[in-house]
Each structure stands twice: as C-alpha cells, then as structure tokens.
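Here's the letter readout for the chains.
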Amino acid sequence: MSKIELLAPSGNIETFLAAVDASADAVYIGMKNFSARNKARNFSFSQLNDLRHYTKEKNVKIFVAFNTLLQETDIKKAFNCLEQLSLIEPDALIVQDLAVVNIVKKYFPNLKLHASTQLAIHNSLGAKKAKHLGFKRVVLARELSFEQIKKIKQETDIELEIFCHGALCFCVSGLCLLSSFIGGYSGNRGYCTQPCRRLWTINNKHGYFLSPKDLQLADYIQQIKDTGINCLKIEGRMKSKDYVYKTVKAYRLLIDASKDNFNNALTQAKAILNFDYARTKTTFNFNFPDKNIIEPEKSKNIGLFLGTVENKTTETFDLKTKYTVNAGDKLRIVAAKQDTNFIIQVQNINFKNGVYTVFCNEQFINNGFDVFKIADTSTIPSANSEIKKYDLPKSVNKSLHKPFFKNNLTLPKLFIRINNLKWLNLTEKLNSKIIICLQHDNFDQINMLKNKDKYYFELPSYIDEQNLNDFKNILLKLVKNKCQNFFINNLSHFEFFKNLNVNLYGGQFLYTLNTYAAELLEKNNIKAFTISWEDNLSNIKNLSHNLSNNLIVYLFGFPKLAVSKMTTDIKNKTVIKTNKDNFQILKDNNFITIIPKYPVNLFEYKQTLLKLKINSFAIDLSYIEPDGNFINLLINCLNGKIKSNSPSTFNFEKVLQ
C-alpha cells in the first residue's frame, strides 16, 4: 500500500512556500479566475509556471482548482485558460463544471482531472460515474462517516481524497444557493459571501445558528490510512502561511508515524494544532454526528481567544491573557453584538504585572470587545531557495468547436413538481405532467400508486451510501411498471439506470449553465435540462440559441437554498432571519433544508421566454400544503389571466456573480 498523500492549501506565494517547507506532498492553488475561492489572492499563469518548475525540483505535486460553474459567456476565456494550463501541465485540475471535462477530454488530454467536492460526490455510485467520465480522483463530500468512506473505497477503484482539517460549510458543497439568493454572489462561481457565518435571529434570539466548528480528524489518521484512502486534504486557501505551515507539519507527523509510534506523533501533532488559530474543532459525522457542531453563542470569527479589551484610550488598550502576545502578531478584534470585526497587526506592545498594553489608535475598538489571535509573528522558516523565473510557454490558439445536439424533442408544456402526494387529486385534471419527488419516506405511498407510468419521478441530490439499495429497488419497480421518465440531480444517479431503457432529464442540481456541459450530459443520455434556480435571463438567452427545445424553466416555487447533513437542535419549520433576509428551516429524512420565506415567481417572464423558443415550464408545489384554490390561482397566473404578487425573482434580472 502506497503512503497516503498530504495535500496543502495555498492562496499566495507565501503560503505555497510554507506548505512546501512543511513537507506537503502536493499543494492546491487557484488561478485568478474560475476558482471557488476567488477572494484569495490566487496565482497568475506566470507564477504557476515558475512554481511548476520549483515543485518538480522539490518532488512536490501542484494541483489547480478550476472548480466553478461557467456561464456561456465564460467558455471562451475558460478555454484559453485551459490551453495555457495544458502547456504548463500541473499534476491535476480540480473540476466542478462538466464543460471543463468536455473540453479537456477533447483538446487537452494531458491534463488529469480530479472531481471537486463541489460535485457533491457522496456515495460509491457517484465515484464510479466520475471514473467513467474521465476523472482520476474524487474529492469526497465532507458529510461522510468513516464507514461510508470505507464502503466507497471497497466498492470503487478510483483514487479517493478526503478533507481532514479546516473550515466546514453548513451546506453540502455544490448544493448551496444561499449566498446567490441573498445578493447574486454564487458560491458555485467562487463568490460566496459566507451567509452561514452571519449573525441570525431565531425567535428573537441572536446567534450564529448556521456557523459550524472546524473539522479536525487528527485522532483518526491511522484509521484512515488503513482504508487505503489516497489523499488527505487540508482546507484553507484563504488562510495565513502560519496556519498552512502548522497544519501541514502536524499531519505530516501523523502520516509518517508507524502504528507503534502513532500515539506519540498524535501528542506532538495536537500540540501544534492547538495553535492553528481557527475555530473550535469537530469530527462532524466521521464517527457519529456531532450534535454540538453549531455553537450559536460563539462568534463566527476564528482565532485563539485571548481576552477582552480593557482600559481603551485613544492610543492603547489593555489585555489580560494567559497566552503570549508579541509585536508582529495579528489580532482580530470582535464586536459580537454588532457582528463586526477588525484585524490589527501589533506594532508596539508592553507587558507589565500580567497585563499587555497594546498600542493601537483605531477608533473602532471599545472596551469589552473580544480579542482573538489569528497569526504569530514570523514563526515560519524562510524558503530554502528562491523561485526562479521561467519563460511562459506560448499558446497555439486552438479553436473551440460549437456544441452539437442530436435531440430535438417536444417537451410537455407544463410540469408540476410535488413532494406531497396529496397534491395528486388536485392536479390530475390539469393539462400537465406531474413530477413526483422520490424521498426515502414516500416509497410505500409510491408503490401503492395506480398508473405509475404516467408520472415523472425525480431523485434527490443527496442519497446516503446505506440507502442506495432502497433507491435501486424502488427505481427497478417503477421501471417494471413501465415508468420511463426520470429527473436526476447528481452524477451518482446515472448508475441507477445503466442498461435500462428510460428517458433521463437533468434536474436543477445537475447544473447546466453552459452548452458544453449540456453537450457532455447529452452524450450521457440526458434529453433535457432544467434551468438552475440561480441562473439569470441573460445566460438563459445564450443557452436558448442551441438548446431552446431542451430547456425547462421553473416559473414558481420555493428553491432549496441549502441542503445540510448537520445535526442541530433547530426545530422543523423554524423561521431564521436578519434585518434584510427571511428564511425557513425544514427538517426531514435526516436533512436540513433552507427555503426562502416567499416563493420565487417568474410568471411575468413567460412571454419573454416564449420569444426565446423556450416552451416548457414548471411549477414547484414542494413545501406547500395541498390546496385546490391555490393551484387554480397559479394556473391563472401562468396563463396570464391574473397577475401574481411575489417579491422574489431570485437572480433572473441580475448579473450572476
């Protein structure tokens, strides 16, 4: 068994060198564009080229995160970037958008592909499909338990990578639209505004109700090594060089330790990790779900808590703490009640009678504010050698093909999606096709349905490994009952239908924001594509030039803005809000789902879409109590007989960042 690879994060040259000095086996970085951490400083092609030569000398791998969704207007620039990357030849690209897979396989086969955690691969079927598409490695979803990871490893032969340390998202990566909904800044496109770290209100109580602790699996590295997992990944492309050096050093000790010496190595590693200046630690779902993964009363801000500001003057403040503070250290000053913070680098400091006096003339700081240490002064060794400059390889300016589509099908003019089967009696007489959401708790009801073959069925975006057989069985029963039409929302879903003669349609989470992703999906038997709730009219217009007959647009419904596998004590149907935003938290089937207070309503844009030759629309009745009068009202709105009033059109007329 080969030694597990240690993969470190880097957002700039300083952190890159820190990772190499700490003996990382590989470093992952982002470019200036198409990176899921666009707020990091990231790298130019020239810098990447220099670093590529540097890492070859050091026998270190370099991976490039190219892991955002692309709109149609992004494709040409992305193609040019991929061409340049193919000349520099990093060891792999970490990818979310299937357009990148399509383009790389056709034009740049020298580039290896790793499936980003943004693809939400969370079971063995997803890993198998990723291999079929050409991926060499899968970065598994962070929601998995050890038993699930072990099962996936046993069932597949693709390389597997898991996160072992760092920040966690409240939502399953790749399934979050919350930042996009709040302000048009899409987490899927690298611009997440981190709404899960905000101060929220529930029942007039303020807290960080969606802000989880940080992941730390140091205690279980020997257990993980025994499974044959290929790579351990540390999160943190936005973190400091201090954080990168310490975390890599700690996990290097654990990976290199023999079984007999593991406990000694663990003691040393945890002593280092105690000062990574991040949040409180959790193992998430690794052994069992952490019921205290959210600590609402604690600040979202990271760092080692030192104490509070005392005796603030115009130029100084006092700080009592058991920890050492030196000139050059970085401190985060937090006003928790105002949900604001300020970072300072200590320039001058005195220590007398157990009290630090910090010289700082920032007017923002007041007595009682919390003080966190987020970085030490120069604790990291200097780089062993300078990064040499190399000439950047010249591109040959290949031309990109136009996507080609075989299908020219006629879609139903109206779909109605339901997750409550009580809607059936109220919708049967409508001139529409019914999509029934398959859920683990409605299988018995579905088995009892008559004339099943007239319905479309939709699979959820997340299916636990232990539930795969249950879903396989219900799907086989449906196919035996002559059901032919299925919407899918994850790569794993393709595997359910291998060797079955059915019609597959892309759901909203099988993202198709560009025609090159659609082209690849069509080659994998997808007949039509559902426009993502977060997409906008400008991009839909661009898609319609080649795909108008194959597009389905939802005009009404409550979109799933977040899908979480975290365990919290928040009750079902809880309202969570800020001064500007208002949402509802739903709990069912061991999931937390966040939906907006008001439905998205795009009825007024139907005529605009018809002019684009988009003729298939949908209404989503999920999370709405069955009501005959209400569905009649919606049908009248659809047909233009009455106008509907709803404050939300999501990103439809915005620029999607």
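Residues numbered from 1 in each chain as written. Predicted model: local features only at pLDDT ≥ 70, side-chain atom pairs only at ≥ 80, totals over all residues. Heavy atoms only, no water.

Caption draft 1: Local environment of the pattern of salt bridges. Following the criterion strictly, the structure yields 30 salt bridges and no others. Of the charged contacts, one joins Glu 5 and Arg 137 as a salt bridge, the two residues approaching to 2.9 Å between their closest N and O atoms. Linking Glu 5 in strand β1 (residues 5–9) with Arg 137 in strand β6 (residues 137–139), this pair joins segments that are 132 residues apart in sequence. Comparing Glu 5 with Arg 137 shows no difference in burial state: the two are buried. A salt bridge links Asp 91 to Arg 52; the nearest nitrogen and oxygen atoms lie 3.4 Å apart. In this pair, Asp 91 sits in the loop between α3 (75–88) and β4 (92–95) while Arg 52 sits in helix α2 (residues 45–58), placing the two residues 39 residues apart along the sequence. For Asp 91, a relative accessible area of 22% puts it in the partly exposed group. By relative accessible area, which is 8% here, Arg 52 ends up buried. (Salt bridge = Lys/Arg side-chain N within 4 Å of Asp/Glu carboxyl O. Helix = DSSP H or I, 4+ residues; strand = E, 2+ residues; numbered from the N terminus. Buried < 20%, exposed > 50% of the residue type's maximum accessible area, 1.4 Å probe, protein only.)

Caption draft 2: Broad picture of helix α13 (residues 468–480). With 13 residues, α13 extends 18 Å from end C-alpha to end C-alpha; this agrees with the ideal 18 Å at 1.5 Å per step. Along α13, the residues classified as buried are Leu 468, Phe 471, Ile 474, Leu 475, Leu 478 and Val 479. All buried residues of α13 lie within an arc of 140° about the axis, which places them on one face of the element. Residues of α13 that are exposed and point over 90 degrees away from its buried face: Asn 469 and Lys 480. Its buried side turned inward, α13 meets α5 (124–133), α12 (443–447), β22 (456–458), β23 (485–488) and α14 (492–496). Immediately beyond the C-terminal end of α13, within one or two residues, lies Lys 482, with a positive phi of roughly 70°. (Expected span 1.5 Å × (residues − 1). Arc of directions from axis to C-beta. Contact = heavy atoms within 4.5 Å.)

Caption draft 3: Representation of empty space enclosed by the protein. Scanning all chains against the criterion turns up 3 cavities of 30 Å³ or more. Taken together, 15 residues line the largest cavity, and the ones lying closest to its centre are Gln 118, Leu 119, Phe 509, Leu 510 and Tyr 511. Tallied by class, residues from the lining of the largest cavity come to 9 nonpolar, 5 polar and 1 charged. One number sums up the size of the second largest cavity: a volume of about 100 Å³. Forming the boundary of the second largest cavity are 13 residues, of which Arg 142, Leu 144, Ile 149, Phe 163 and Leu 217 lie nearest the centre. Of the residues belonging to the lining of the second largest cavity, the class tally is 10 nonpolar, 2 polar and 1 charged. (1 Å grid on protein atoms, 1.4 Å probe; cavity = no way out; pocket = protein on both sides within 12 Å on 5 of 7 lines; lining within 4 Å. Points joined across faces, edges and corners; volume = space filled by probe spheres on them. Nonpolar A, V, L, I, M, F, W, Y, C, P; charged D, E, K, R; others polar.)

Caption draft 4: A look at the environment of Trp 200. Along the chain, Trp 200 turns up in strand β8 (residues 200–202). Taking the relative accessible area as the measure of exposure, Trp 200 reaches 1% and is therefore buried. Excluding anything up to four places from it in sequence, Trp 200 contacts Ile 182, Pro 195, Lys 205, His 206, Gly 207, Phe 209, Leu 210, Ile 576, Lys 577, Thr 578 and Phe 583. One polar contact links the side chain of Trp 200 to the main-chain carbonyl oxygen of Pro 195, over a distance of 2.9 Å. (Polar contact = N/O pair within 3.5 Å; in protein donor to acceptor, adjacent residues only side chain to side chain.)

Caption draft 5: Layout of the packing of helix α1 (residues 13–21) against helix α9 (residues 241–256). It is the contact of α1 with α9, at a shortest axis distance of 8 Å, that shows an interaxial angle of 20°. With respect to each other, α1 and α9 are oriented roughly parallel. For the crossing formed where α1 meets α9, the hand is right-handed. In this structure, α1 contributes Glu 14, Thr 15, Ala 18, Ala 19 and Asp 21 to the contact, and α9 contributes Lys 241, Val 244, Tyr 245, Val 248 and Lys 249. Of the residues that constitute the contact of α1 with α9, the class distribution is 5 nonpolar, 1 polar and 4 charged. (Axes fitted to C-alpha atoms, helices over the stretch in contact; angles between N-to-C directions. Parallel < 35°, antiparallel > 145°, perpendicular 65-115°, else oblique. Left-handed = near helix turned anticlockwise from the far one by under 90°.)

Caption draft 6: View of the side chain of Asp 535. Looking at the element boundaries, Asp 535 is found in the loop between β25 (526–530) and α16 (537–547). For the buried Asp 535, no salt bridge exists, and the shortest N-O distance to an oppositely charged side chain is 7.7 Å, to Arg 189. A polar side-chain atom of Asp 535 sits 3.0 Å from a polar atom in the side chain of Asn 539. Setting aside its immediate chain neighbours within four residues, Asp 535 contacts Gln 71, Leu 513, Ile 540, Leu 543, Asn 651, Phe 652 and Leu 656. (Lys, Arg positive; Asp, Glu negative; His and termini not counted.)

Caption draft 7: Quick look at the sheet that holds strand β19 (residues 370–375). As summarised here, the arrangement of the 4 strands in space is β13-β19-β15-β16, forming an open sheet in which the pairing is antiparallel. Either end of the sheet is taken by a strand with one partner, and the two such strands are β13 (304–308) and β16 (340–345). If you compare each strand with its neighbour and ignore which way they point, the axes differ by 30° on average. Relative to β19, strand β15 (residues 330–335) runs antiparallel, the two sharing 5 bridges. (Pairing = 2+ DSSP bridges.)

Caption draft 8: Unusual backbone geometry, seen in detail. In this structure, Lys 573 is a non-glycine residue whose phi angle is positive, near 65°. Here Lys 573 lies in the loop between β27 (562–564) and β28 (574–577). You can call Lys 573 exposed: its relative accessible area is 52%. Although it is not a glycine, Phe 650 adopts a positive phi angle of roughly 55°.

Caption draft 9: Representation of helix α4 (residues 98–107). By the criterion of burial, α4 is predominantly enclosed, with 8 of the 10 residues buried. Listed as buried for α4 are Leu 98, Ala 99, Val 100, Val 101, Asn 102, Ile 103, Val 104 and Tyr 107. Tucked inside the fold, the buried residues of α4 contact β3 (61–66), α3, β4, β5 (113–115), α5 and α15 (515–523). Between the side-chain oxygen of the N-cap and the backbone nitrogen of Ala 99 there are 2.8 Å, and the N-cap of α4 in question is Asp 97.

Caption draft 10: Structural view of the environment of Asp 157. Tracing the backbone shows Asp 157 in the loop between α6 (146–155) and β7 (159–166). C-alpha of Asp 157 to C-alpha of Lys 128: the two residues are 29 residues apart in sequence and 8.1 Å apart in space. Looking at Asp 157, its side chain comes within polar contact range of the side chain of Lys 131, at 2.8 Å.

Caption draft 11: Spatial organisation of the packing of α4 against α15. α15 packs onto α4 with a crossing angle of 80° between their chain directions and a minimal axis gap of 7 Å. It follows from the interaxial angle that α4 and α15 lie roughly perpendicular. Seen from α4, the contacting residues are Leu 98, Ala 99, Val 101, Asn 102 and Ile 103; seen from α15, they are Tyr 516, Ala 517, Glu 519, Leu 520, Leu 521 and Lys 523. A breakdown of the residues in the contact of α4 with α15 according to their chemical character gives 8 nonpolar, 1 polar and 2 charged.

Caption draft 12: Up close: the sheet that holds strand β17 (residues 349–352). Across the sheet, which stays open at both edges, the 3 strands sit in the order β14-β18-β17 with antiparallel pairing between neighbours. Sheet topology places β14 (316–319) and β17 at the edges, where each strand pairs with a single neighbour. Strand after strand, the sheet turns through a mean of 20° between neighbouring axes, direction not considered. Bridge analysis of β17 against strand β18 (residues 355–359) gives 4 bridges, and the strand direction is antiparallel. The residue of β18 that forms the bridge with Lys 352 is Val 355.

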